[in-house]
Amino acid sequence: MASLSVKPGQRFTLPDWQNNSLLISSDAEQQRYNSHHIRQEGQALRNETSNQARWDEHNSRTRLKDRITTVDRWREILARCLTDIDLEIDALTKVKEAAENALQAKNLCLDVAIECLTFRESRRDIDVVRDPVEEELLREVKVIEKTKKELQQKVEDAFKQLCLLKEARQQLICDHRHKVETLELDQQCMAFNPTSGNISFKVNPTRIPEGTTALCEWELKSRCNKEHAEAEMRASVDLRGAITLTIAQTNNELDAQRIATEFALRKRIRDMEGALSELRWQEQNTLEEIAEMEEEIRQLEEDIQKRTLDLKVAHTRLETRTYRPHIELCRDQAQYGLTDEVQQLEGTIRALQQKRTESQDALDALYRQLHRIQTDIGYKTNSLQLDNKCMDTRRKLVVPVEKFEPEVDAVNRTRNLPRSSQLELA
């Protein structure tokens, strides 16, 4: 009969088993309680840190917006100031050029006055007297030298003021450019978010960069640049008024010294201009006739080419018909017609060629006549220029100074005397 086997080992009692189950249950409850407590704390911490992060980001974004608004406002102020200073530089440059033109005009007056005094030094014997004319000329020289000195001083003042304006403008440009760059960087910062692809950790981002300035210093610098530019613009406006007044005063002082215009060459100039007008009319008509004749020759050549092709066709037809066999080679009406056509075409081509030769001869004659007309125009134009040069010595005294347009030598920075074409007859 088989016996029951018993496994060796420790055996627990039923109370032990029950105590073990209770211990496991109580440990599980304790762990769940601890876990729940930690979860509650974690959730509270997450909520707190999330709210704090959102609030901090909101504050940073608000401060960035405010800063962008402030910088943009200053940028607009500096941009308007730049526009104003550019306009003032242009206005002062024009006034300075007007003063230089007026100064150059005084040189013309001085040259004429000295030339007149030199002419009068050629008087002989009893005619060498200190008459009122000589006194007026000497007084005119003194007035001109005085006005030249005043205008030269104003030109120098304008040059110095332009340098100051350009220096202030350069400061504004630099400040404006820096603010534009700052706006771009701050707007780029505004665009950053947690999903941006170009965000990363940086080394010591909270450091204070070298050259950092205080906010009050930043605003003071921009305000100083603006106020400095405005002060220079006010000084420029005052100087422009003073220069304009000086030009008017010097012109009024010299108006009394101006003398009458030379009228001796007026009729000659008018006659020469009339002759030039007639020659230019003839030149225009000749050019039109040349164009028409060239077109006619072109059409004649086209007709010659067309009739030549027609003649080739007729020749080819006649030659082809010579190959008719035996009795078919007869002089029929077609043969007579083709022969007449060849003779007619040959006569037509000769007539067209003759007409083309005549037309070419006429065209050559027109070109020769055009050359004569243009040569005569050149002669008369040169004569008119010489007559105008003869008028310059006296004409430049009766032309108002403000109408002078002296040419500027860009290399030597000097001004030439006005040409006769730039002056108007009184």
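Reading guide: rules and limits
Residues numbered from 1 in each chain as written. Predicted model: local features only at pLDDT ≥ 70, side-chain atom pairs only at ≥ 80, totals over all residues. Heavy atoms only, no water. UniProt positions renumbered as here; feature names shortened; annotations may be inferred. Salt bridge = Lys/Arg side-chain N within 4 Å of Asp/Glu carboxyl O. Helix = DSSP H or I, 4+ residues; strand = E, 2+ residues; numbered from the N terminus. Buried < 20%, exposed > 50% of the residue type's maximum accessible area, 1.4 Å probe, protein only. Phe/Tyr/Trp six-rings, centres within 6.5 Å; stacked < 30°, edge-to-face > 60°. Lys NZ or Arg CZ within 6 Å of the ring centre and 35° of its normal.

As annotated in an unreviewed UniProt entry, the chain carries the name Tektin and is attributed to Elachura formosa. Recorded under Subcellular location (unreviewed entry), the UniProt text for the chain is reproduced unchanged: "Cytoplasm, Cytoskeleton, Cilium axoneme". We quote the UniProt Sequence similarities (unreviewed entry) comment for the chain here in full: "Belongs to the tektin family."

Draft legend 1. Summary view of the pattern of salt bridges. Enumeration according to the criterion identifies 14 salt bridges in this entry. Note that E100 is salt-bridged to K96, the shortest N-O span being 2.6 Å. Taken together, the positions of E100 and K96, both in helix α1 (residues 14-120) and four residues apart, correspond to about one turn of that helix. With respect to burial, E100 and K96 carry one shared label: buried. Salt-bridge contacts for E295 lead to R298; the nearest nitrogen and oxygen are separated by 2.2 Å. Within this pair, E295 and its partner R298 are both found in helix α4 (residues 266-321), separated by three residues, close to a single helical turn. Look at E295 and you get partly exposed, because its relative accessible area is 31%. The structure contains a network of salt bridges with shared partners spanning D72, R75 and E76.

Draft legend 2. Layout of the packing of aromatic side chains. Under the defined criterion, the tally for this structure stands at zero aromatic pairs. If you follow R67 out to its NZ or CZ, it ends over the ring of W218, 3.9 Å from the centre.

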